[in-house]
Amino acid sequence: DFNASLIIMHNAGEGSTTINLSGTGIAPMVSFSQTALDFGQVTVNNRESLLLTMTNGTEFPQPLTIAPIQQTSIVFGTSTLDNVETPAGEPLNTTIPPNGMLSIQVWFQPVEEGAQANMLDVSYCPTCAQTITLTGEGVKPIFELDPGMLDFGSVEEATPVARAFVVRNIGN
């Protein structure tokens, strides 16, 4: 609980009026749908998105900031549900509605093969923060043709000849 007095100085009557003030501070109550997002295997240069939902348990709007993701190649990012991307190197500033939820898309778009990891740093008050771990693996498909070679033999001019083959992805 907080108590204070507001003294208003004026030139009427006693020269001042005192107003007693009191209030109760409410700590932020933000919960996260998850603290780790694993995108699994994603084909290089393709994008996979997952939802991160934050819930505000107070009757007040809750400001929220997601810090810029520190990365040398842009492989992780955020966007709103209507696909407005957060520009690289800039924070995502938004508000969770009172007693409501806010969902954002977090995406992974690998530029090369291999495991990738990073973090989303989310703050919702000067001393309130949550780190969301991000992981994913960039993979490339490996194709096999069966048969490995098609032999059309001798074919008379203007005579159609068909041969079949199968393409299989034997990689990731």
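Scroll up a little and you will see the structure.
Note that the structure is a prediction, hence the values are computed from the model and not measured.

(A) Inspection of the state of the cysteines at higher detail. Taken as a whole and judged by the stated rule, the model has one disulfide. Between Cys125 and Cys128 runs a disulfide, and the two sulfur atoms are separated by 2.0 Å. In this structure the cystine formed by Cys125 and Cys128 twists about its S-S bond by roughly 75°; its chirality is therefore right-handed. By relative accessible area, Cys125 is classed as partly exposed at 22%.

(B) Spatial organisation of the sheet that holds strand β6 (residues 62-66). Strand order across the open sheet formed by five strands is β4-β11-β10-β6-β8, with mixed pairing between neighbours. Only two strands of the sheet have a single neighbouring strand rather than two, namely β4 (36-43) and β8 (92-96). With strand direction ignored, the average angle separating the axes of adjacent strands in the sheet is 25°. For strand β10 (residues 114-125) and strand β11 (residues 128-139), the ladder comprises eleven bridges, and the chain directions are antiparallel. Bridging from a neighbouring strand, Gly114 pairs with Gly138 of β11.

(C) The arrangement of the sheet that holds strand β3 (residues 30-32) in detail. In spatial order, the strands read β3-β5-β9-β7; together these four strands make up an open sheet with antiparallel pairing. The open sheet is flanked by β3 and β7 (76-79), the only strands paired with a single partner. Across the sheet, the mean angle separating the axes of adjacent strands is 30° when strand polarity is ignored. Looking at chain direction, β3 and strand β5 (residues 48-56) are connected through three bridges and run antiparallel. Each bridged residue has a counterpart across the sheet, and for Phe32 the counterpart in β5 is Met54.

(D) Expanded view of the side chain of Asn56. If you trace the backbone, Asn56 turns up in strand β5. For Asn56, the side chain forms a polar contact with the side chain of Thr58, separated by 2.9 Å. With sequence-adjacent residues up to four places away left out, Asn56 is seen in contact with Met29, Pro61, Gln62, Ile96, Pro97, Pro98, Asn99 and Gly100.

(E) Representation of the pairing of β5 within the structure. In terms of strand pairing, β5 meets strand β9 (residues 101-108) through eight bridges, oriented antiparallel. Residue Thr55 lies in a different strand from β9, and its bridge partner there is Met101.

(F) Quick look at the environment of Leu150. Residue placement: Leu150 occurs in the loop between β12 (143-146) and β13 (166-169). Taking the C-alpha atoms as reference points, Leu150 and Ala162, twelve residues apart in sequence, are found 9.9 Å from one another.

(G) Structural detail: the side chain of Thr86. Checked against the element boundaries, Thr86 lands in the loop between β7 and β8. There is a polar contact of 2.8 Å between the side chain of Thr86 and the side chain of Thr78. Among residues more than four places away in sequence, those in contact with Thr86 are Thr78, Ser79, Pro91 and Leu92.

What counts, and at which threshold
Residues numbered from 1 in each chain as written. Predicted model: local features only at pLDDT ≥ 70, side-chain atom pairs only at ≥ 80, totals over all residues. Heavy atoms only, no water. Disulfide = S-S within 2.5 Å. Buried < 20%, exposed > 50% of the residue type's maximum accessible area, 1.4 Å probe, protein only. Pairing = 2+ DSSP bridges. Helix = DSSP H or I, 4+ residues; strand = E, 2+ residues; numbered from the N terminus. Axes fitted to C-alpha atoms, helices over the stretch in contact; angles between N-to-C directions. Polar contact = N/O pair within 3.5 Å; in protein donor to acceptor, adjacent residues only side chain to side chain. Contact = heavy atoms within 4.5 Å.

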